[in-house]
Amino acid sequence: MPHPGSGITWELGGRSVLATPNLKEGPVTVIDMKSWKIVRQIKTLGPGFFMRSHENARHAWMDVFNGTAHRDVMQVIDKQTLEVVAELGPSSDKVAAHTEFARDGKDALVSVWDNDGALVIYDADTLKEVKRILINKPSGKYNVHNKITRSAGTSH
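No experiment lies behind these values; they were computed from the predicted model shown.

**Q** Looking at this model, I keep getting lost on the pattern of salt bridges. Mind explaining?
**A** A side chain of one charge can pair with a side chain of the opposite charge when the charged atoms of the two come close. Counted under the stated rule, the structure contains six salt bridges. Here Asp-125 ties to Arg-58 by a salt bridge, and the two come within 3.3 Å at their closest N and O atoms. Residue Asp-125 is located in the loop between strand E11 (117-123) and strand E12 (129-135), and its partner Arg-58 is located in the loop between strand E5 (51-52) and strand E6 (59-62); the two are separated by 67 residues in the primary sequence. Relative accessible area serves as the criterion here: at 45%, Asp-125 is assigned to the partly exposed category. For Arg-58, a relative accessible area of 48% gives the class partly exposed.

Right, dumping it as structure tokens:
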């Protein structure tokens with residue numbers, strides 16, 4: 001079952017594609033927006049809920065929010081090769097979810113969704129942790145600019 005409300009779009013080989021997590025199974029489905037044919041199913045560690053990117057970012061970030069395992073892992077997908085290039089574990093045994101991007105796309109902000117949680121900020125290019133802010137169960141970090149300007153890579 002796709003979750004298009006959390007889907008994102010970008011240009012791939014001269015065409016617009018839509019990628020969406022599936023709520024009950026692991027793959028991310030990438031669809032050509034002109035033909036509506038599936039370009040690829042990207043295997044992930046489990047079903048996710050939030051998929052995010054930014055037009056200035058080369059990666060898409062996918063959680064395993066609906067999985068029975070690996071919920072503490074954030075998977076990073078190269079938007080041109082459509083391959084998982086990194087698996088980040090911001091906090092062992094705590095749900096990692098809902099990536100959002102800074103206005104310029106240089107930083108990715110990940111929620112560690114727990115009472116003893118955190119907002120973990122990553123350099124979106126190098127995938128290295130930049131800063132960690134301890135927060136009680138952060139649910140989201142909505143970048144108003146990215147939403148109202150309909151920034152490519154975020155859901156609207």
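**Q** Where do I start with the sheet that holds strand E9 (residues 95-101) in this structure?
**A** Two orientations exist for strands paired in a sheet by backbone hydrogen bonds: parallel and antiparallel. Spatial ordering of the open sheet is given by E9-E10-E11-E12, a layout of four strands whose pairing is antiparallel. Here the strands that pair on one side only, and so sit at the sheet edges, are E9 and E12. Sheet twist, expressed as the average angle between the axes of neighbouring strands with direction ignored, equals 20°. Pairing between E9 and strand E10 (residues 107-113): five bridges, direction antiparallel.

**Q** Hey, could you run me through the packing of aromatic side chains in this one?
**A** One pass over the structure, following the stated rule, counts six aromatic pairs. Ring geometry for Phe-49 against Phe-65: centres 5.7 Å apart, planes inclined by 45°, an arrangement best described as tilted. With Phe-49 in the loop between strand E4 (38-42) and E5 and Phe-65 in the loop between E6 and strand E7 (74-78), the pair connects residues that are 16 residues apart, well separated along the chain. Judged by relative accessible area, Phe-65 falls into the buried class, the value being 16%. Taken together, Phe-49, Phe-50, Phe-65 and Trp-113 form an aromatic cluster joined through their ring pairs. In this structure, Arg-71 packs its charged tip against the face of Phe-65, placed 5.6 Å from the ring centre.

**Q** Explain the environment of His-54 to me, please; I cannot follow it from the model alone.
**A** As for its position among the elements, His-54 is in the loop between E5 and E6. Judged by relative accessible area, His-54 falls into the buried class, the value being 0%. Measuring from C-alpha to C-alpha, the distance between His-54 and Phe-101 comes to 6.6 Å, with 47 residues separating the pair along the chain. There is a polar contact of 3.0 Å between the side chain of His-54 and the backbone nitrogen of Asn-56.

Reading guide: rules and limits
Residues numbered from 1 in each chain as written. Predicted model: local features only at pLDDT ≥ 70, side-chain atom pairs only at ≥ 80, totals over all residues. Heavy atoms only, no water. Salt bridge = Lys/Arg side-chain N within 4 Å of Asp/Glu carboxyl O. Helix = DSSP H or I, 4+ residues; strand = E, 2+ residues; numbered from the N terminus. Buried < 20%, exposed > 50% of the residue type's maximum accessible area, 1.4 Å probe, protein only. Pairing = 2+ DSSP bridges. Axes fitted to C-alpha atoms, helices over the stretch in contact; angles between N-to-C directions. Phe/Tyr/Trp six-rings, centres within 6.5 Å; stacked < 30°, edge-to-face > 60°. Lys NZ or Arg CZ within 6 Å of the ring centre and 35° of its normal. Polar contact = N/O pair within 3.5 Å; in protein donor to acceptor, adjacent residues only side chain to side chain.

These figures come from the coordinates and say nothing about function on their own.
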